[in-house]
Amino acid sequence: MPGRRRGAAGGIPGRRRGAAGSVRRSGWTPWLYLAPALVVLGGLLVYPVYQLGLISFLEYTQAQVSGGRPTSFQGFGNYAALFRDEQFWQVLLATVLFAAACVVATLVVGCALAVLLTRVRAVPRLALMLAALGAWATPAITGSTVWVFLFDPDHGPVNRLLGLGDFSWTYGRYSAFTLVLFEVVWCSFPFVMVTVYAGIKAIPGEVIEAAALDGASPWRTWRSVTAPLLRPILLVVTIQSVIWDFKIFTQIYVMTNGGGIAGQNLVLNVYAYQKAFASSQYSLGSAIGVVMLLILLSITLVHLRLLRRRGEEL
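Structure report, in brief.

**Quick look at unusual backbone geometry**
Point 1. Even without glycine at this site, Asn-257 takes up a positive phi of about 60°.
Point 2. Structurally, Asn-257 is set in the loop between α13 (250-255) and α14 (268-278).
Point 3. Residue Ala-262 is not a glycine yet carries a positive backbone phi of 55°.
Point 4. Considering the arrangement of structural elements, one finds Ala-262 in the loop between α13 and α14.
Point 5. For Ala-262, a relative accessible area of 80% puts it in the exposed group.

What follows is the structure, given as structure tokens:
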């Protein structure tokens, strides 16, 4: 009997060790399934970012591209030259303010239309969804060209309807930024609208009905009930909008003809393009790209950390 007990007791740890080993071996299984996607992401994302950072530390101009001069290591010299450039700080400030305005406007329009979708009948809802998805599917360069035509001082219908005569929206700095903001919101709000609408439909109807029975207005219901329940979704669309609007290029380049008069409508992406390709200063353009990447990563990480401190589920 003692032998049996020892044998039984001795057999249990063996089985436990075998189970633990199988658990450890199975822990690699998800990574094996993810390996093909990780390889693709490494080729499409990691390697270009590596090359971007590498070029930003080199002297890399047209002379080096053509082979006329050897490439030399500059360290942080390109960043020092960039930070000494007064225009860089002006463009950075304009980019931050413009992106913030676009994000706020896109979220307001998208969330308002998402709530509207829950309150209209099936036919108007379908028409609004199709119209929004059509705007979302329109290429940026096509949408920008159409908006430039609509607000053209000579042939555009908007000035005629508003009685503005030959007013040029792209001549002034703020009017040009406003025009681009309209186009950015037009092509961006469908993503917010569809995502938030899906989140609202997932909320139990009893919760909304209880708020209505308590006498809450639609605005109070959104602020106190719907928005807190949609906070994870709003986090996703906010971060996505920040990334999209901070690195905007096509709309500014097309609608202001490369950055506006004397560069008054430059944003960082267009500024980097001018430095890299118009001036053949590829290292400075790469340095601007690295700065943009670090800013976006910092914004995202700070936002996620603040939400985690508040106990939100990410």
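Read on for the rest.
**Thoughts on the pattern of salt bridges**
Opposite charge on two side chains makes pairing possible when the charged atoms of those side chains draw close.
Point 1. Applying the stated rule across the entire model yields one salt bridge.
Point 2. A salt bridge links Arg-69 to Glu-59; its shortest N-O distance comes to 3.2 Å. Of this pair, Arg-69 sits in the loop between α3 (62-66) and β2 (72-73) while Glu-59 sits in strand β1 (residues 58-59), placing them ten residues apart in sequence.
Point 3. Judged by its relative accessible area of 48%, Arg-69 is partly exposed.
Point 4. When its relative accessible area of 21% is taken as the criterion, Glu-59 is described as partly exposed.

**Let's talk about the environment of Gly-259**
Point 1. Along the polypeptide, Gly-259 turns up in the loop between α13 and α14.
Point 2. Gly-259 sits 15 residues away from Gln-274 along the chain, and the two C-alpha atoms are 9.4 Å apart.
Point 3. Other than its neighbours up to four places away in sequence, Gly-259 contacts Ile-252, Gln-264, Asn-265 and Leu-266.

**Brief notes about the layout of surface pockets**
Point 1. In this structure, the largest pocket encloses a volume near 360 Å³.
Point 2. Elements supplying a minimum of two residues to the lining of the largest pocket: α2 (29-56) and α15 (282-309).
Point 3. No other element matches the six residues that α15 contributes to the lining of the largest pocket.
Point 4. For the lining of the largest pocket, a count of residues per class yields eight nonpolar, three polar and one charged.

**Regarding the nonpolar core**
Point 1. Grouped together as the largest cluster of nonpolar side chains are 59 residues, with contacts concentrated most on Leu-82, Phe-98, Met-193, Val-196, Ile-252 and Leu-268.
Point 2. In terms of residue count, helix α5 (residues 86-117) provides more of this core than any other element does, 14 residues in total.
Point 3. When neighbours within four sequence positions are excluded, Met-193 is seen to be in contact with Gly-110, Leu-113, Ala-114, Leu-117, Leu-128, Met-129 and Ala-132.

**What about the packing of aromatic side chains?**
Point 1. What the rule picks out here adds up to 21 aromatic pairs.
Point 2. With centroids separated by 5.1 Å and ring planes inclined at 80°, the aromatic side chains of Phe-151 and Trp-169 adopt a geometry described as edge-to-face. Of the two residues, Phe-151 is situated in the loop between α7 (140-150) and α8 (157-162) and Trp-169 in the loop between α8 and α9 (173-202); the sequence distance between them amounts to 18 residues. Here Phe-151 matches Trp-169 in class, with each residue buried.
Point 3. When the centroid spacing of 5.3 Å and the interplanar angle of 15° are considered together, the rings of Phe-249 and Tyr-253 count as stacked.
Point 4. Using a relative accessible area of 25% as the deciding quantity, one classes Phe-249 as partly exposed.
Point 5. Residue classification places Tyr-253 among the partly exposed positions, given a relative accessible area of 33%.

**Section: a nonpolar patch on the surface**
Point 1. On the surface, a cluster of nonpolar side chains totalling about 620 Å² of accessible area is made up of Leu-45, Val-46, Val-49, Leu-293, Leu-294, Leu-297 and Leu-301.
Point 2. Sorting the residues of the nonpolar patch by element identifies α2 and α15 as the ones contributing at least two each.
Point 3. Top contributing element to the nonpolar patch by residue count: α15, with four residues.
Point 4. Position of Val-49 relative to the elements: it lies in helix α2.

**Remarks on the packing of α14 against α15**
Point 1. The interhelical angle for the contact between α14 and α15, taken along N-to-C directions, is 160°, at an axis separation of 6 Å. Classified by the angle their axes make, α14 and α15 are roughly antiparallel. The two elements α14 and α15 cross, and the hand of that crossing is left-handed. When α14 is examined against α15, the residues Leu-268, Asn-269, Tyr-271, Ala-272, Lys-275, Ala-276 and Phe-277 are found in contact with a partner set consisting of Tyr-282, Gly-285, Ile-288 and Met-292.

**Some words on the side chain of Thr-95**
Point 1. If you trace the backbone, Thr-95 turns up in helix α5.
Point 2. Of the polar contacts made by the side chain of Thr-95, one reaches the backbone nitrogen of Leu-268; its length is 3.0 Å.
Point 3. Those residues in contact with Thr-95 that sit more than four places away from it in its chain are Phe-246, Val-267 and Leu-268.

Thresholds applied
Residues numbered from 1 in each chain as written. Predicted model: local features only at pLDDT ≥ 70, side-chain atom pairs only at ≥ 80, totals over all residues. Heavy atoms only, no water. Helix = DSSP H or I, 4+ residues; strand = E, 2+ residues; numbered from the N terminus. Buried < 20%, exposed > 50% of the residue type's maximum accessible area, 1.4 Å probe, protein only. Salt bridge = Lys/Arg side-chain N within 4 Å of Asp/Glu carboxyl O. Contact = heavy atoms within 4.5 Å. 1 Å grid on protein atoms, 1.4 Å probe; cavity = no way out; pocket = protein on both sides within 12 Å on 5 of 7 lines; lining within 4 Å. Points joined across faces, edges and corners; volume = space filled by probe spheres on them. Nonpolar A, V, L, I, M, F, W, Y, C, P; charged D, E, K, R; others polar. Core = buried A, V, L, I, M, F, W, Y, C linked by side-chain atoms within 4.5 Å. Phe/Tyr/Trp six-rings, centres within 6.5 Å; stacked < 30°, edge-to-face > 60°. Patch = residues over 30% accessible without salt bridge, like charges linked within 9 Å, V, L, I, M, F, W, Y side chains within 5 Å. Areas by Shrake-Rupley, 256 points an atom, 1.4 Å probe, with all protein chains shown as cover. Axes fitted to C-alpha atoms, helices over the stretch in contact; angles between N-to-C directions. Parallel < 35°, antiparallel > 145°, perpendicular 65-115°, else oblique. Left-handed = near helix turned anticlockwise from the far one by under 90°. Polar contact = N/O pair within 3.5 Å; in protein donor to acceptor, adjacent residues only side chain to side chain.

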